[in-house]
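Chain by chain, the residues:
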Amino acid sequence: MTNLRIPGPTPCPEEVLKEMSRQMINHRGPEFAELLNDVTGKLKQLFQTKNDVFLLTGSGTGGLEAAVVNVLSPGDRVLAVSIGVFGDRFAAIARQFGADVVPLNYEWGKAADPEEIRKALGKDHNIKAVLVTHNETSTGVTNDLAEISTVVKEAGRLLVVDAISSLGSIEMPVDEWRCDVTVTGSQKGWMIPPGLTMVAVSQQAWEANAEARMPRFYWDFAKARSYLEKGQTPWTPAVSIVFAFRVALDRMLEEGLTGIIARHARIARKVRDGVKALGLPLFAEESHASDTVTSIAAPEGLDVKKLLKILREEHQTVLGGGQQHLMGKIFRIGHLGWVTEEDINMVFQSLMIALPQAGYEVA
Ligand SMILES: *Cc1c(COP(=O)(O)O)cnc(C)c1O
């Protein structure tokens, strides 16, 4: 079996895959209503929220677009905090729909500084919302969302969070951290295939929604809410993924959120220790290293493309490369969702063999 260790799509347990082969049902019938209500209730537990949670059919980026268009109007000023590829994407979506985007960019590999966000909000009272990535998958950095939330909410602004590669894997209490719109994606920590994006919507976000004038049709939270009251989604959902989701959520609740978070922390530490033992430099600043994805800086002489090819072809091990200007400069190990210590041991066994072949002598 392939050892798929990219930060999404992540491997799915056998029982999840089996569930996807079930016959179709009427998505406007009682059986689906029961399923949707069950899944939504279980998701709320893992989101740690009492607010509305919606299952939307689409990838994570669709969820980010939904977040933007449901709380903003063209011309609204937003602070877009970016520490990598996905932060930039969030800003680009807002810009595309006519928001007046004030970028706050950080060097890739570093986390955002909550004090600078405080200053930016203090200086400009017209900033209505802050867009922020909780866990930047492209660099392997987790932002200090609790602190960021404190400064954003003290300033009374909307907090719109890309939690696509963090929710369900690492600490992310949606209500405690007063997130107004929170977005995640099925293929990251949730042990199910791509196809769903899940969003939580706070009371303050609903108030913003009532005024928000950005164009939207497919991604309309108000429609999602009114259909959910009937146990439905506005449009035909990815039924098979919802089947799979119930099984995956049962598994997650059985392990418990505390157990899930502890496992991710333990495995991430093991990955970072293993990387250091190979003499390789971690790319992300270690104080903010992600517990779902680890980025490794390629030292002089290491051909990343060749390394990934050898791992893939000779070891059935698939790791992630760098994105955009980090291509060839870093590689990434995904360790979220269905991941065990043994999976990581196998990655390192393969790396020990493949690294010298790709130009890096392990000390
Ligand atoms: C994966 C990811 C996305 C994009 O999700 P898609 O499902 O590929 O659209 C956005 N943000 C973060 C942090 C991600 O990890």
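First, a word on scope: everything that follows refers to the structure included in this document. (Residues numbered from 1 in each chain as written. Predicted model: local features only at pLDDT ≥ 70, side-chain atom pairs only at ≥ 80, totals over all residues. Heavy atoms only, no water.)

1. Brief notes about the nonpolar core
Nonpolar side chains in soluble globular proteins tend to end up buried together. Quick reminder of the rule: Among buried residues, those of type Ala, Val, Leu, Ile, Met, Phe, Trp, Tyr and Cys that are joined through side-chain atoms within 4.5 Å constitute a nonpolar core. Three labels apply to residues, based on accessible area from a 1.4 Å probe with only protein chains included: buried if under 20% of the type maximum, exposed if over 50%, partly exposed otherwise in between. Helical segments are the DSSP runs of H or I of at least four residues, strand segments are the runs of E of at least two, and each set is numbered from the N terminus. What counts as a domain boundary in this text is fixed by an automatic or database domain assignment. Only heavy atoms matter for contacts: two residues are in contact if any of them lie within 4.5 Å across the pair.
Ranked by internal contacts, the top residues of the largest apolar core, which has 92 residues, are Leu-43, Trp-190 and Phe-245. Ranked by residues supplied to this core, first place goes to helix H9 (residues 239–255) with ten residues. Domain assignment of the residues forming this core places at least three in each of domain 1 (3–7 + 257–357) and domain 2 (14–254). When near neighbours in sequence (up to four residues on either side) are disregarded, Leu-43 contacts Val-53, Leu-55, Trp-190, Met-198, Phe-245 and Leu-249.

2. Notes on the site of the ligand
Stated formally: The near set for a molecule or strand comprises every residue that places at least one heavy atom within 4 Å of it. Each polar contact in these results corresponds to two N or O atoms within 3.5 Å; when the atoms are within protein, one needs to be able to donate a hydrogen and the other to accept it, and residues that are neighboring in sequence are counted only if both atoms are side-chain atoms. Ten residues, namely Ala, Val, Leu, Ile, Met, Phe, Trp, Tyr, Cys and Pro, are considered nonpolar, four, namely Asp, Glu, Lys and Arg, are considered charged, and the remaining ones, Gly among them, are considered polar.
Taken together, 13 residues sit near the ligand, with Ser-59, Thr-61, Thr-137, Asp-162 and Lys-188 positioned nearest. Thr-61 places a polar side-chain atom, nitrogen or oxygen, 2.5 Å from an oxygen atom of the ligand. Elements represented by at least two residues in the shell around the ligand include exactly helix H3 (60–71) and helix H4 (85–96). A breakdown of the residues in the shell around the ligand according to their chemical character gives two nonpolar, eight polar and three charged.

3. Side note on the side chain of Ser-290
Relative to the elements of secondary structure, Ser-290 occurs in the loop between helix H10 (257–277) and strand E11 (293–297). Contact partners of Ser-290, with chain neighbours within four places excluded, come to Asn-135, Gly-140, Val-141, Thr-142, Ala-268, Arg-272 and His-335.

4. Side note on the packing of aromatic side chains
Quick reminder of the rule: Classification of ring pairs rests on two measures: the distance between centres of Phe, Tyr or Trp rings, Trp counted by its six-membered ring, which must be within 6.5 Å, and the angle between planes, read as stacked under 30 degrees, edge-to-face over 60 and tilted in between.
All chains considered together, the criterion is met by seven aromatic pairs. On the numbers, 6.1 Å between centres and 25 degrees between planes, the contact of Phe-47 with Trp-190 is stacked. Of this pair, Phe-47 sits in helix H2 (residues 30–47) while Trp-190 sits in the loop between strand E9 (181–185) and strand E10 (196–201), and the two are 143 residues apart along the sequence. Classification of Phe-47 as buried rests on a relative accessible area of 0%. By relative accessible area, which is 0% here, Trp-190 ends up buried.

5. Here we look at the pattern of salt bridges
A side chain with one charge may pair with a side chain of the opposite charge, provided their charged atoms come close. For clarity, the threshold we go by: Salt bridge criterion: a side-chain nitrogen from Lys or Arg within 4 Å of a carboxyl oxygen from Asp or Glu.
Applying the stated criterion to the full structure yields 21 salt bridges. A salt bridge links Arg-77 to Asp-124, with the nearest nitrogen and oxygen atoms 2.8 Å apart. Here Asp-124 lies in the loop between helix H5 (114–123) and strand E5 (127–133) and Arg-77 lies in strand E3 (residues 77–82), a separation of 47 residues in the sequence. Exposure remark for Arg-77: the relative accessible area of 26% places this residue in the partly exposed category. Look at the salt bridges and you will find they share partners, linking Glu-34, Asp-38, Lys-42, Arg-246 and Asp-250 into a network.

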